[in-house]
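# Examining the three-dimensional arrangement
Each chain, written out:
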Amino acid sequence: MQITRFSDYALRVLIYLAAEPERASKIAQIAQRYDISRNHLMKVVHRLGALGYVETFRGKNGGIRLARAPQEINVGALLRETESGSALIECFGVDNRCVITPVCRLKHILAEALDCFYQCLAGYTLADLVQGETKNMLVSLLELNFPHRDASPSGGRTE
């Protein structure tokens, strides 16, 4: 199984925010720390906001933060929502042109495996990803223990 880059980035954003949930962060800061595209991250954050995982604030002290407690964010549910529409194999999609689809058992087996994948992930929350010593290491690796530097070329304007 492989998740999309979109889902990968969604998880990274949530992990970043969960490492210090009381602090609002800026998209530019997150993009800089992970060395990923700010523009792509803006789309991810927008979707996370629409799904109710993050809340955004405009203005001088604006930014983003978790809209729910980390223990209320289920990893399996998140991935089901961010992966919806991505076909594991051709016959899962709307553009299926495989000639053996009417008799192929692989589709059913892979659908079962995909369901098991999501069921396994449903046993974990965002809190599980950032607890204990892992949280301390994340804070250090993401440099959250330092005052945030404004990495945005807009001079502090929130996306």
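Calculation rules
- Residues numbered from 1 in each chain as written.
- Predicted model: local features only at pLDDT ≥ 70, side-chain atom pairs only at ≥ 80, totals over all residues.
- Heavy atoms only, no water.
- Axes fitted to C-alpha atoms, helices over the stretch in contact; angles between N-to-C directions.
- Helix = DSSP H or I, 4+ residues; strand = E, 2+ residues; numbered from the N terminus.
- Parallel < 35°, antiparallel > 145°, perpendicular 65-115°, else oblique.
- Contact = heavy atoms within 4.5 Å.
- Nonpolar A, V, L, I, M, F, W, Y, C, P; charged D, E, K, R; others polar.
- Buried < 20%, exposed > 50% of the residue type's maximum accessible area, 1.4 Å probe, protein only.
- Core = buried A, V, L, I, M, F, W, Y, C linked by side-chain atoms within 4.5 Å.
- pLDDT = per-residue confidence, 0-100.
- Expected span 1.5 Å × (residues − 1).
- Arc of directions from axis to C-beta.

## Quick look at the packing of helix α1 (residues 5-19) against helix α2 (residues 27-34)
Packing of α1 against α2 leaves a shortest axis separation of 11 Å and a crossing angle of 105°. What the angle tells us is that α1 and α2 run roughly perpendicular. Side by side, α1 and α2 meet where Arg12, Val13, Ile15, Tyr16 and Leu17 of the first sit next to Gln29, Ile30, Arg33 and Tyr34 of the second. For the contact of α1 with α2, a count of residues per class yields 6 nonpolar, 1 polar and 2 charged.

## A look at unusual backbone geometry
With a phi angle near 55°, aspartate 35 is a residue other than glycine that sits in the positive phi range. Along the chain, aspartate 35 turns up in the loop between α2 and α3 (38-50). The backbone phi angle of glutamate 143 is positive, close to 55°, even though this residue is not glycine. Assignment of secondary structure puts glutamate 143 in the segment after α7 (132-141). Residue classification places glutamate 143 among the partly exposed residues on the basis of a relative accessible area of 26%.

## Quick word on the nonpolar core
If you look at the biggest cluster of nonpolar residues, it comprises 37 residues, and the most contacted ones within it are Val13, Leu14, Leu17, Ile30, Leu41 and Leu48. Of all the elements in the fold, those that place two or more residues in this core are α1, α2, α3, β2 (63-66), α4 (75-83), α5 (106-121) and α7. By residue number, the principal contributor to this core is α1, which donates 10 residues. In this structure leucine 41 touches Tyr9, Val13, Ile27, Ile30, Ala31 and Ile36, once residues within four positions along its chain are discounted.

## What about the confidence of the model for the protein?
In the predicted model, the protein carries a mean pLDDT of 87, and 91% of its residues have values of at least 70. Predicted confidence is poor over residues 149-159, with pLDDT under 50, and the contacts of this stretch with residues over four places away or in other chains come to 25 contacts.

## Quick word on α5
Quick reminder: α-helices carry 3.6 residues per turn. Residues three or four places apart thus point the same way. Under the 1.5 Å per step criterion, the end-to-end length of α5 is 23 Å for 16 residues, consistent within 8% with the ideal 22 Å. Among all positions of α5, only Leu114, Tyr118 and Leu121 are buried. Viewed along the axis of α5, the buried residues span an arc of 60°, placing them on a single side of the element. Across α5 from its buried face, at more than 90 degrees, point the exposed residues His108 and Glu112. Packing partners of the buried residues in α5 comprise α4.

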